[in-house]
Amino acid sequence: MTAYLASASSIAISGLQAASARVAIRAGDIANLATPGYRQADISQVATPAGPRVTPSRPPGPAAPQGLFAQVDLPAAIVDMNAAKRAFEASAKVLKTSDEMADTLLEALA
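Engineer: How should I be thinking about the overall build of the protein chain in this particular structure?
Structural biologist: Broken down by element type, the protein chain carries two helices and two strands. Its helices and strands in sequence order give the protein chain the pattern α-β-β-α, from N to C terminus. For the protein chain, with 110 residues in total, the buried portion stands at 24%. Summing over all exposed atoms, the protein chain offers an accessible surface of approximately 7000 Å²; the carbon and sulfur share of this is 64%.

Engineer: Sorry if this is basic, but what is going on with the environment of A47 here?
Structural biologist: Tracing the sequence through the fold places A47 in strand β1 (residues 42–48). Taking relative accessible area as the criterion, A47 reaches 77% and is therefore assigned exposed. Placed 33 residues apart in sequence, A47 and S14 show a C-alpha to C-alpha distance of 9.6 Å.

Engineer: Sorry, what's going on with helix α2 (residues 74–109) here?
Structural biologist: Working note: α-helix, 3.6 residues per turn, so residues spaced by three or four point in the same direction. In a regular helix each residue adds 1.5 Å, so 36 residues correspond to 52 Å; α2 covers 52 Å between its end C-alpha atoms and thus fits that length. Along α2, the residues classified as buried are A77, D80, A84, S91 and S98.

Engineer: What should I look at first to understand the pattern of salt bridges in this one?
Structural biologist: Close approach of charged atoms allows side chains with opposite charge to pair. Applying the stated criterion to the full structure yields four salt bridges. R26 is the partner of D29 in a salt bridge, and the nearest nitrogen-oxygen pair spans 2.6 Å. Of this pair, D29 and R26 both sit in helix α1 (residues 2–31), separated by three residues, roughly a single helical turn. In terms of burial, D29 and R26 fall into one category: buried. D80 serves as the salt-bridge partner of R26, at 2.9 Å between the closest nitrogen and oxygen.

Cut-offs used in this document
Each chain has its residues counted from 1, running along the sequence as written. At least 70 in pLDDT is required for a residue's local features to be given in this predicted model, at least 80 for side-chain atom pairs to be given and counted, and no such filter applies to totals for whole chains, interfaces and linings, which use all residues. With hydrogens and water excluded, all non-hydrogen atoms of the structure serve as input to the side-chain values. Each helix is a run of DSSP H or I of at least 4 residues and each strand a run of E of at least 2, with the numbering of both proceeding from the N terminus. Note on exposure labels: buried denotes an accessible area under 20% of the residue type's maximum, exposed denotes more than 50%, and partly exposed covers the range between, all computed with a 1.4 Å probe on protein chains only. With residues, only the protein chains shown are counted as cover, and all accessible areas are computed by Shrake-Rupley using a 1.4 Å probe. By this rule, a helix spans an expected 1.5 Å times one less than how many residues it contains. Any carboxyl oxygen of Asp or Glu within 4 Å of a side-chain nitrogen of Lys or Arg constitutes a salt bridge here.

Structure representation (C-alpha cells):
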C-alpha cells in the first residue's frame, strides 16, 4: 500500500512539474507577443523514467509574419495555459489525496 502511495505522489509531482513548464513556455510566448521576428513555441511533452520532459521548439522556416501580434496565436496560448492550469490543479488534488490516504493508513496502523 505504501508503494502505491509513493507512486501516486511521484506521479502527482511529475504532473505539477509538467504543467508548470507548459505555463512558463506559454507565458514566454505571451511576453514576446509584440517582439519582431519572435516565433511561438511548439510544445513537446514526453514521458521518461525520470518524469515528464516538456520542451519548447521553434518551428524552422521563414521569419514570422510581421504586424501587430502576428507572431503569437494569443487565443491558443491562453487556452493552452488554462489547460495546464487545470492539469496542475488535478495533480495537486492527487497529491493531497495521496497525503490524506497516507495519514489514514498511519492512523489505522497506530
